[in-house]
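Commentary on secondary and tertiary structure
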2 protein chains.
Amino acid sequence: MGDDRAVTDSVHGRPTMKDVAAAAGVALKTVSRVVNEEPGVNPATAERVLSAIERLGYRRNESARVLRRGRTASIGLVIEDVADPFYSGISRAVEDVALRHGSLVLSGSSGEEPRRERELVLTFCSRRVDGLIIVPAGTDHGYLRPELDAGIPAVFADRPGGLDLDTVICDNNGGAHTGVTHLIRHGHRRVAFLGDSASIFTAAERLYGYRRAVEDAGLPVDESLVAMGPPERAGPALTRMFAGDDPPTAVFTGNGRITVAVLRTGHRLAMVGFDDFELADLLVPGVTVVAQDPARLGRAAAELLFRRIMGGPGAAERIELPTRLIPRGSGELRP
Amino acid sequence: MGDDRAVTDSVHGRPTMKDVAAAAGVALKTVSRVVNEEPGVNPATAERVLSAIERLGYRRNESARVLRRGRTASIGLVIEDVADPFYSGISRAVEDVALRHGSLVLSGSSGEEPRRERELVLTFCSRRVDGLIIVPAGTDHGYLRPELDAGIPAVFADRPGGLDLDTVICDNNGGAHTGVTHLIRHGHRRVAFLGDSASIFTAAERLYGYRRAVEDAGLPVDESLVAMGPPERAGPALTRMFAGDDPPTAVFTGNGRITVAVLRTGHRLAMVGFDDFELADLLVPGVTVVAQDPARLGRAAAELLFRRIMGGPGAAERIELPTRLIPRGSGELRP
DNA sequence: GTGAAAGCGCTAACAA
DNA sequence: TTGTTAGCGCTTTCAC
């Protein structure tokens, strides 16, 4: 008995169905039936098999199963950075939906590098994921063609990619419009916009929303009040604006990292930020934000993907999620 | 030509090495050699193969490869919740180390439920991960035995598990001692401790550090100043202490969520919190914390794991990482 | 209710 | 330098 292990271990150190079959004195196929809970096995036989499984520490080899069946019960997720709360929120939601579908999530961070995104996606495809959720780092998704042709559905999340696929994004444009309008309504005529690099889709959309809001209010768009670039340049840019002749009285920040960067400069001025963040309500004054809902974004993308995986038909969908203005004080300061 | 796809697609909708071999007019093994960059293939032949690969959109089937080789080039990671910045920090670090080792990370959130932890781990084992990093949700890890026997190395992170395995944790005890001593040095004689449920290892260790610090200072340990429980109960507990005869003048909070919960109560008192958090420096006063380093924790665990995967010998190691006190104002307030 | 045989796509071992 | 053969562990098909 205590010997079974040594006798039955296969080359890779794990017992196989064959080993279990031998130990239980049945055929391979019977073990397979028990493991997969197929009907039509004599309860007594099943019992013998189960006890052998227990005794040997048998665990089905998923690779072999996948090889035979073609379905992996896993999906691939490419985000920018798990350590960023916005993306980890998406991750968690995707994970939850996948769990409900009995699926595992392979995920990886692209770090906003198109090469890394591609590498991750292709690795996932090599592992024959059933589908992909991608936060696009680049705009060229030609590399996806063969995978899509092979029947792997893919969904773009947070930004559209370079292919006409299912896409779930936030209403960046409208959200920025709302936030900027909020500042204007509170008496500001010179509102600065600090956004991420304009090459990033969400940043460009939000800038567009800013411009629309300023124009809709009948105010002139002053390009010297607009600065686009990586978050670490936001602080200096704002300081430069303040040093000018006709400084802004309010600022709209284009994402969470830029909001924080501006807060760290210590400039005390009216502001509304895109993206909510923990403790925004505890700062003095509380930081007014245009909030996205990363969990909802992740959920929507995952649900859309699973619908496709299960054969859902039809043209590419584009879902746009609303944003929500949360007034907390900083956006209600008068000039 | 445009026809190749239809002709060569296999049952599962993807071309196989066999298809590529046929298209390139070589043997299967030659394709394998090219795909795996094995030496000794005539450049001209290799060229033909590569072009066939390109044309057919061939991608190696990793499941088949794994089945044959026994190594999956992937590791499993079980954390409590990806959406929590502490754990997503760990995730990111693990991912980075895995990337350097050419490995993929399968990860999942246990939500602090032992059953879910077990389920995730066993799913990962079914997929034949090369190793596991586990933030234990429970203390009974008997279910791991067969997997360990089968040669899958595992590392516990953040907390020890119920088995004598490699473990990487923070100096919870020492960190709490440092933080509490800091408050006492600033004149506080009645320091409250608000910690997570005492059944959680880290919470118990930190409580122990608190007790030691109080005793080392020659002060009496007053149990009415200690409250252990889930973060949502921390605020009420503190309020109750304040309503008492001899309220605390300072509080030490046992983790980040409790720190935030206490901040939200609006009580203005001296405090030091375990765990650093974004914007702690921007609150007024800045929040003094005992900081852990999740990235370092993740990195250490992953490096230890890969050492084991590559056959590193020896008894189970236990690595304890230091914490760091960061004074920002709240911990330096006098009674 | 049970089993034997074939084969998923790949790599390892051994020819040629 | 290239090819042939066997078989990884499982599911599928069909026979008993």
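Residues numbered from 1 in each chain as written. Chains lettered and ligands numbered in written order. Predicted model: local features only at pLDDT ≥ 70, side-chain atom pairs only at ≥ 80, totals over all residues. Heavy atoms only, no water.

Looking at an unreviewed UniProt entry, chain A carries the name Transcriptional regulator, LacI family, with the source organism given as Streptosporangium canum.

1. Focus: the protein's contact with DNA strand C
Among the 26 residues in the neighbourhood of DNA strand C, the closest are listed as A:Thr30, A:Thr45, A:Arg68, B:Met17 and B:Tyr58. Near-protein atoms of DNA strand C (within 4 Å) split between backbone and bases, with sugar and phosphate holding 64%. Contacts to DNA strand C include A:Arg33, whose side-chain N or O atom sits 2.8 Å from a base oxygen. Here a phosphate oxygen of DNA strand C sits 3.0 Å away from a polar atom, N or O, in the main chain of B:Asn61. Within the residue set of the surface near DNA strand C, elements represented by two or more residues are helix H3 (28-35) and helix H5 (62-69) of chain A together with helix H3 (28-35) and helix H5 (62-69) of chain B. Here the surface near DNA strand C takes 5 residues from H5(B), the largest share from any one element. Per-class residue counts for the surface near DNA strand C are 9 nonpolar, 9 polar and 8 charged. (Near = heavy atom within 4 Å. Polar contact = N/O pair within 3.5 Å; in protein donor to acceptor, adjacent residues only side chain to side chain. Helix = DSSP H or I, 4+ residues; strand = E, 2+ residues; numbered from the N terminus. Nonpolar A, V, L, I, M, F, W, Y, C, P; charged D, E, K, R; others polar.)

2. What to know about the protein's contact with DNA strand D
If you check the shell around DNA strand D, you find 27 residues, and the closest are A:Met17, A:Lys29, A:Tyr58, B:Thr45 and B:Arg68. Taking the atoms of DNA strand D that fall within 4 Å of the protein, sugar and phosphate contribute 62% of them. Here A:Ala64 contributes a backbone N or O atom positioned 3.4 Å from a base nitrogen of DNA strand D. Interatomic distance of 2.7 Å between a backbone N/O atom of B:Asn42 and a phosphate oxygen of DNA strand D. Tallying contributions element by element places H5(A) first for the surface near DNA strand D, with 5 residues. Across the surface near DNA strand D, the residue classes tally to 9 nonpolar, 10 polar and 8 charged.

3. Looking at the pattern of salt bridges
Any two side chains of opposite charge can pair, so long as their charged atoms come close to each other. Residue and element names in this part refer to chain A. Taken as a whole and assessed by the stated rule, the structure comprises 43 salt bridges over all chains. Notably, a salt bridge pairs Glu-62 with Arg-60, separated by 3.6 Å at the nearest N-O pair. Overall, Glu-62 belongs to the buried group, its relative accessible area being 11%. On the accessibility criterion, Arg-60 (22% relative accessible area) is partly exposed. One network of salt bridges, in which partners are shared, links Glu-80, Asp-84, Glu-112, Asp-158, Arg-159 and Arg-257. (Salt bridge = Lys/Arg side-chain N within 4 Å of Asp/Glu carboxyl O. Buried < 20%, exposed > 50% of the residue type's maximum accessible area, 1.4 Å probe, protein only.)

4. Quick word on the side chain of B:Ser74
Summarising the element assignment, B:Ser74 is placed in strand E1 (residues 74-79). A polar atom in the side chain of B:Ser74 sits 3.0 Å from the side chain of B:Thr72. With residues up to four places along the chain from it excluded, the contact list for B:Ser74 reads A:Arg127, B:Ser103, B:Leu104, B:Val129, B:Asp130 and B:Gly131. (Contact = heavy atoms within 4.5 Å.)

5. Some remarks on the sheet that holds strand E7 (residues 226-228) of chain A
Residues and elements named next belong to chain A. Spatial ordering of the open sheet is given by E7-E6-E8-E9-E10-E12, a layout of 6 strands whose pairing is mixed. The open sheet has two free edges, formed respectively by E7 and strand E12 (324-326), since each of these has just one partner strand. Between one strand and the next, the sheet's axes are offset by a mean angle of 15°, whatever the strand orientation. Examined bridge by bridge, strand E8 (residues 250-253) and strand E9 (residues 270-274) share 4 bridges and lie parallel to one another. Each residue of the ladder has a partner; that of Thr-253, found in E9, is Gly-273. In the packing of helix H10 (residues 201-216) onto the sheet, the strands contacted are strand E6 (191-195), E7 and E9, and the crossing angle to E6 comes to about 170°. (Pairing = 2+ DSSP bridges. Axes fitted to C-alpha atoms, helices over the stretch in contact; angles between N-to-C directions.)

6. Structural notes on the environment of A:Ser110
Residues and elements named next belong to chain A. With respect to the element layout, Ser-110 can be found in the loop between strand E2 (104-109) and helix H7 (114-126). A relative accessible area of 3% places Ser-110 in the buried class. For Ser-110 and Val-135, which are 25 residues apart along the polypeptide, the C-alpha to C-alpha distance reads 8.7 Å. The contacts of Ser-110, once residues within four sequence positions are left out, are Val-78, Ile-79, Glu-80, Arg-116, Glu-117, Leu-120 and Ala-137.

7. Some words on the sheet that holds strand E7 (residues 226-228) of chain B
Residues and elements named next belong to chain B. Spatially, E7-E6-E8-E9-E10-E12 is the arrangement adopted by the 6 strands of the open sheet, whose pairing is mixed. Here the strands that pair on one side only, and so sit at the sheet edges, are E7 and strand E12 (324-326). Across the sheet, the axes of successive neighbouring strands diverge by a mean angle of 15°, strand direction being ignored. Where strand E6 (residues 191-195) lies against E7, 3 bridges are found, and the strand directions are parallel. Of the residues in E7, the one forming a bridge with Gly-195 is Met-228. The sheet contacts of helix H11 (residues 234-243) involve E6 and E7, and relative to E6 the element is tilted by about 160°. This element, helix H12 (residues 256-265), spans E6, strand E8 (250-253) and strand E9 (270-274) of the sheet and lies at about 155° to E9.

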